[in-house]
Amino acid sequence: MAFKLPGFFSCDIGIDLGTANTLVYVKDEGIVLREPSVVAIDTATRRAIAFGDEAKRMLGRVPGNITAIRPMKDGVIADFDVTEALLSHLINKVRRGSFALPRVVIAIPSGITAVEKRAVMDSATRAGARQVYTIAEPMAAAIGVGLPVEEPAANMIVDIGGGTTEIAVISLGGMVVSQSIRVAGDELDNAIIDYMKRAYNLLIGERTAEEIKITVGSAHPLDEELTMEVKGRDSVAGLPKTIHITSQEIREAMSGPIGQIVDTVRTTLERCPPELSADLVDRGFVMAGGGSLIRGIDRLLSEKTGLPVTVASDPLSAVANGTGIFLNNLNWVRAST
Ligand code: ADP
Ligand code: MG
């Protein structure tokens, strides 16, 4: 060929299809897109009309014929058509009009079924991918935080996302034990909503609950406890109301779901083969996902397991970075699943 067609050459992309956030990694470029996993749908035509930040802004502020959906909310695929629309949007955004079809690696929750996995792969193919490969999210997270997963030693990751917490012990490139529970950031938000209603007759929305969690939420007593002003609607009088809350209260409010996460980390350890358990005594585990940013969650888990715990330096990017490293090392001929 005498000249190069612009954008003709293929690109390889990695997608973290998270329950709360979707990230796209382009080979040689890094993370190029980071948006909430939300799709706005016109209920009359069933067509997707907005994605990501734009769709999230529409939540609760649009006429009745538009709904915003989080297709991966519980770590399973709630709506295949919406998931396909989301994948198609992401792939087209990254292709930027290029003729070449990208090769795609998708990180999927470890709890999804073989049928759902197949459906995601088919969706990506219809959305324009030339070749599709999937990687389990905890594996991608472990690779992304730099754990030496190929070594014959225990590499443990605890990823607390929006809809699911995924825990895995990896050795020799495979997941030896893994557990996924539907208790993570969203459940903490719900626990805060319930507490406000119970303790103050105050109705608050999911966004306010998340803001409270991020501003004053904690899993372990703080050196200096925090306070915050919260606005909502009084459930009895029906009028707007402002109250003041403390970090102690919110810690108590979140203690149920936090306890479930602690229990699952412990049962994962109980299922670990003894040689790998022995490795973990020194190596401990790494935390990733937005939920690992809850104040003191690392300290609590360390106390409850007796293991050293580290939080990844960029926990929200771990899975996407893992798909990127995976892309660089992937032999596409061999990995043609
Ligand atoms: P997913 O992989 O499931 O899409 P993420 O890893 O992106 O999830 O994490 C999203 C969750 O992390 C949300 O529940 C969000 O509220 C929570 N989160 C993000 N930042 C913080 C923070 N600073 N403190 C506590 N929770 C946080
Ligand atoms: Mg995730």
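Above this text sits the structure in question.
Residues numbered from 1 in each chain as written. Chains lettered and ligands numbered in written order. Predicted model: local features only at pLDDT ≥ 70, side-chain atom pairs only at ≥ 80, totals over all residues. Heavy atoms only, no water.

Explanation requested: the site of ligand 1 in the structure shown.
Around ligand 1 sit 16 residues, and of these Thr-19, Ala-20, Asn-21, Glu-210 and Lys-213 come closest. Lys-213 has a polar side-chain atom sitting 2.7 Å from an oxygen atom of ligand 1. Here ligand 1 has 580 Å² of accessible area as a free molecule, and 88% of this is covered by the chains. Ranked by residue count, the leading element in the shell around ligand 1 is helix α6 (residues 206-216), at three residues. When grouped by side-chain class, the residues that make up the shell around ligand 1 number five nonpolar, nine polar and two charged. (Near = heavy atom within 4 Å. Polar contact = N/O pair within 3.5 Å; in protein donor to acceptor, adjacent residues only side chain to side chain. Areas by Shrake-Rupley, 256 points an atom, 1.4 Å probe, with all protein chains shown as cover. Helix = DSSP H or I, 4+ residues; strand = E, 2+ residues; numbered from the N terminus. Nonpolar A, V, L, I, M, F, W, Y, C, P; charged D, E, K, R; others polar.)

Any chance you could explain the pattern of salt bridges here in plain terms?
Any two side chains of opposite charge can pair, on the condition that their charged atoms come close. Under the defined criterion, the tally for this structure stands at 11 salt bridges. Residues Arg-70 and Asp-186 are paired through a salt bridge, measuring 3.1 Å at the closest nitrogen-oxygen approach. Residue Arg-70 is found in the loop between β6 (66-69) and α2 (80-95), and its partner Asp-186 is found in helix α5 (residues 185-200); the two are separated by 116 residues along the sequence. According to the relative accessible area criterion, Arg-70 is partly exposed, its value standing at 22%. Using a relative accessible area of 18% as the deciding quantity, one classes Asp-186 as buried. The partner of Glu-229 in a salt bridge is Lys-231, and the shortest N-O contact between them spans 3.3 Å. Of the residues examined, Lys-231 reaches a relative accessible area of 55% and is grouped as exposed. A single network of salt bridges, built from pairs that share partners, joins Asp-12, Lys-27 and Arg-103. (Salt bridge = Lys/Arg side-chain N within 4 Å of Asp/Glu carboxyl O. Buried < 20%, exposed > 50% of the residue type's maximum accessible area, 1.4 Å probe, protein only.)

Explain the sheet that holds strand β7 (residues 103-108) to me, please; I cannot follow it from the model alone.
The strands making up a sheet associate through hydrogen bonds between their backbones, and the pairing can be parallel or antiparallel. Sheet architecture is open: five strands sit in the order β3-β2-β1-β7-β8, paired in mixed fashion. Only two strands of the sheet have a single partner each, and these edge strands are β3 (30-36) and β8 (131-136). Ignoring which end each strand starts from, the neighbouring axes of this sheet average 20° apart. Relative to β7, strand β1 (residues 12-17) runs parallel, the two sharing five bridges. Note on β7: the bridge partner recorded for Ile-15 is Ile-106. Helix α3 (residues 114-126) contacts β1, β7 and β8 of the sheet and is inclined by roughly 145° relative to β8. Strands β1, β2 (21-26), β3, β7 and β8 of the sheet are contacted by helix α11 (residues 318-329), whose axis makes an angle of about 150° with β1. (Pairing = 2+ DSSP bridges. Axes fitted to C-alpha atoms, helices over the stretch in contact; angles between N-to-C directions. Contact = heavy atoms within 4.5 Å.)

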